[in-house]
Each structure stands twice: as structure tokens, then as C-alpha cells.
Amino acid sequence: MASSSSAHSRISNLQNHLSPLEANNKLRSLVKISPEVSEAISNGRAVVALESTIISHGMPYPQNLQTAKEVESIVRENGAVPATIAILNGVPCIGLNEEELERLASLGKSVQKTAGRDIAHVVATRGNGATTVSATLFFASMVGIKVFVTGGIGGVHRHANHSMDISSDLTALGRTPIAVISAGVKSILDIPKTLEYLETQEVYVAAYKSDEFPAFFTEKSGCKAPSRVDSPEDCARVIDANTKLNRQAGILFAVPIPKQHSAAGNLIESATQRALTEAREQNVTGNAETPFLLARVNELTGGTSLAANIALVKNNALIGSQIAVALSQLM
């Protein structure tokens, strides 16, 4: 890794002195790509990007490590290569080995939750960063990965008219041509306003095999999906067209939680309402709010929400891998 001053100098001069292709190659030299991911990208194989905040902040140890390994296994079993993304000792890593996954999981919440705005700071201070959706989108785009699997994206928070709390995930999606596969948006958010904001950002949104937009822990949110797709091939064709048209906005494919795990949705929603009230009473805001709410909801539901969270992430990995494989056959 270059020193921080030389790295900053290289980045600042890219746009003015290099062609777009040369600039992209220079940017890629600033990150560490695992041999498996590098080979897959070079050979046009299916690659699926995975965020790391879900490992460090989304689940307790050792469930976080076990889930991370199982999700990567699902991706491989379905013909794609997993690329879990994180920043370790100031080095952005695209594709983690077993030792790096173990380290990230065991460090837990001591790892900085890293959104797009935080990347430069974590790199400059040689820190450890677990990437959120916005940061993962940045690094995946840097190396040409077109499919990204997560649990749920951030969005417009409830009472955003007072707090102005809107996740950078939405603006990142609006400027990054990557397909995100998620279980919709987290039910702790204002889903109708989130869908409106995504429309403003020109993000194509479609529900997978459903006419209704899912609400993370439940299959239905009461909001009609802007569009619908019914197969990995449908999704792949949309991504391919988006790429060929050189659109710079992203895509959101919202996959409903498997039916057998959605039955607890009412219990989880009740716990969510209580956790939201507690967050306001304790003045928990900003990027501390989501981890607080998810942890509190898990406590209130006796672990039911965590089990549902793990189930939906695995299901998203399955669908996302199938989409990535279908896309690799078109490109």
C-alpha cells in the first residue's frame, strides 16, 4: 500500500492526466483483490459482491462468522465467486480469505462502520472498516462487479421530515450502475418515502416474483412495487441493458423473505415500534440508530428477528448468485 500522501496525489490527478481506462486501472491498484476474485473478473465469470457491516455490526460473534461463511458457500454452490468487501489496516480488500473473515467477525463493533463518506478517513488512518451498502457499491464499481447482495438497504428514516436522516445508500445507488439484491428496505424505515427517493435518484426498482414491495422481515409492505421481475434471466437482461446504455444509476431487485420465515413479521413489527420509541427517548440517531434498533428488536423477539435476518440474507445470496451467472452468460 502506498503512503497516504502519495495515494492522495495519485487519485487527485487521475481525472486530469489519464484516460478513463488508465484511471480505472490506477484506482484498482489501490485495492487488494483476492486471487479468486481477480481471476473470476479477468475471465468474465460471475462475481457477487458482499458487504461486511452485516458481519461486524449486524450479528453477534460467532453467528456472524458462521453466517458469512455460509453465505459465501451459497454463492459458490450456485456458480458464482463471492467478493466480501472490507478495509483492513487501511487497505480496501475485495474478497476476504478465511483468516480475514475471522478477524473481522471477532473484532465486531470495534471495526468502524464505513459508509462512502468514511472511506478516505479509514484508509488514511490505516484503520479497519466494515463497508455499508454505499461503500461496498463504490469498491464493487471500481473493479467492475455488477451484482451486489445484502440483507436490506438503508433508506428514508421515519420522522425524516424533522431529522433529515436519509441513508447515503440511496444516493450511492443513484450514481452507481450496480444491481443490488436485497429484501427491500429495513422495516424500521419509512418505506413509501424511500421508494419516492429512489425514483428521484432514477434507480430502477423491481420486486422479485411479486407485485408488492417487501418490507425486509415480511413479504409485503402495503406498497406496490414499481416493477416486477420473475427470473434471474429477467434481472440479467435489465442489468445488461443498463450497462450497454451506459446509465450511471443502479438497480434494486427486492426479494421477499422466504414464506416460512415471514410468519413472525407481526411480532417483529411490534418490537420494531417499541425499539423506535426507545431510540427516540434515548436520543439514538444517525448511523448509531440502525445497529441499536436491530439489536433491540432481536432482544425483544427472543432471537426471532436474527433468525429471520439470516434466512433472508441466505435467500438473497441464492437469487443474487443465479442473477450473476445469468448475467455472465450475456456479457
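Residues numbered from 1 in each chain as written. Predicted model: local features only at pLDDT ≥ 70, side-chain atom pairs only at ≥ 80, totals over all residues. Heavy atoms only, no water.

Under an unreviewed UniProt entry, the protein has the name Pseudouridine-5'-phosphate glycosidase and belongs to Cardamine amara subsp. amara. On record in UniProt, under Cofactor (unreviewed entry), the comment for the protein is "Mn(2+)". (UniProt positions renumbered as here; feature names shortened; annotations may be inferred.)

Undergrad: Looking at this model, I keep getting lost on the environment of isoleucine 323. Mind explaining?
TA: Turning to its location among the elements, isoleucine 323 is positioned in helix α17 (residues 304-328). When its relative accessible area of 0% is taken as the criterion, isoleucine 323 is described as buried. With near-sequence residues (within four places) excluded, isoleucine 323 lies in contact with Val147, Ile181, Pro232, Cys235, Ala236, Ile239 and Phe253. (Helix = DSSP H or I, 4+ residues; strand = E, 2+ residues; numbered from the N terminus. Buried < 20%, exposed > 50% of the residue type's maximum accessible area, 1.4 Å probe, protein only. Contact = heavy atoms within 4.5 Å.)

Undergrad: Please clarify how the pattern of salt bridges should be interpreted in this entry.
TA: For side chains of opposite charge, pairing can occur when their charged atoms come near one another. Applying the stated criterion across every chain yields a total of 16 salt bridges. Among the salt bridges present, the one from glutamate 202 reaches arginine 247, with a minimum N-O distance of 3.6 Å. Residue glutamate 202 is located in the loop between α12 (191-200) and β9 (204-208), and its partner arginine 247 is located in the loop between α13 (232-244) and β11 (251-254); the two are separated by 45 residues in the primary sequence. Since its relative accessible area comes to 27%, arginine 247 is described here as partly exposed. A salt bridge links glutamate 278 to arginine 274, with the shortest nitrogen-to-oxygen separation between them at 3.3 Å. Of this pair, glutamate 278 and arginine 274 both sit in helix α15 (residues 265-281), separated by four residues, roughly a single helical turn. Relative accessible area serves as the criterion here: at 13%, glutamate 278 is assigned to the buried category. (Salt bridge = Lys/Arg side-chain N within 4 Å of Asp/Glu carboxyl O.)

Undergrad: For this particular structure, what's the right way to read helix α6 (residues 63-77)?
TA: Note that an α-helix has 3.6 residues per turn; residues three or four places apart therefore point the same way. With 15 residues, α6 should reach 21 Å at 1.5 Å per residue; the first-to-last C-alpha distance of 21 Å fits that figure. Buried within α6 we find Asn64, Leu65, Thr67, Ala68, Val71, Glu72, Ile74 and Val75. Of the residues trailing α6, glycine 79 is marked for its positive phi of about 90°. (Expected span 1.5 Å × (residues − 1).)

Undergrad: Looking at this model, I keep getting lost on the packing of aromatic side chains. Mind explaining?
TA: Aromatic rings considered in pairs are described by the distance between their centres and by the relative angle of their planes. Applying the stated rule across the entire model yields three aromatic pairs. Ring centres of tyrosine 204 and phenylalanine 253 lie 6.4 Å apart, and the angle between their planes is 80°; this geometry places the pair in the edge-to-face category. On the criterion of sequence distance, the pair formed by tyrosine 204 in strand β9 and phenylalanine 253 in strand β11 is long-range, its members being 49 residues apart. By relative accessible area, phenylalanine 253 is classed as buried at 0%. When the ring of phenylalanine 216 is compared with that of phenylalanine 217, the centres are 4.7 Å apart and the planes differ by 70°; the resulting orientation is edge-to-face. Grouping residues by exposure puts phenylalanine 216 and phenylalanine 217 together as buried. (Phe/Tyr/Trp six-rings, centres within 6.5 Å; stacked < 30°, edge-to-face > 60°.)

Undergrad: How should I be thinking about the nonpolar core in this particular structure?
TA: A general trend in soluble globular proteins is that nonpolar side chains are found buried together. By size, the foremost hydrophobic cluster in this structure holds 87 residues, and its most contacted members are Ile94, Phe213 and Phe253. Counting residues in each nonpolar core, the second largest holds 13 residues, with Ala68, Leu88, Cys93 and Ala105 among its members. (Core = buried A, V, L, I, M, F, W, Y, C linked by side-chain atoms within 4.5 Å.)

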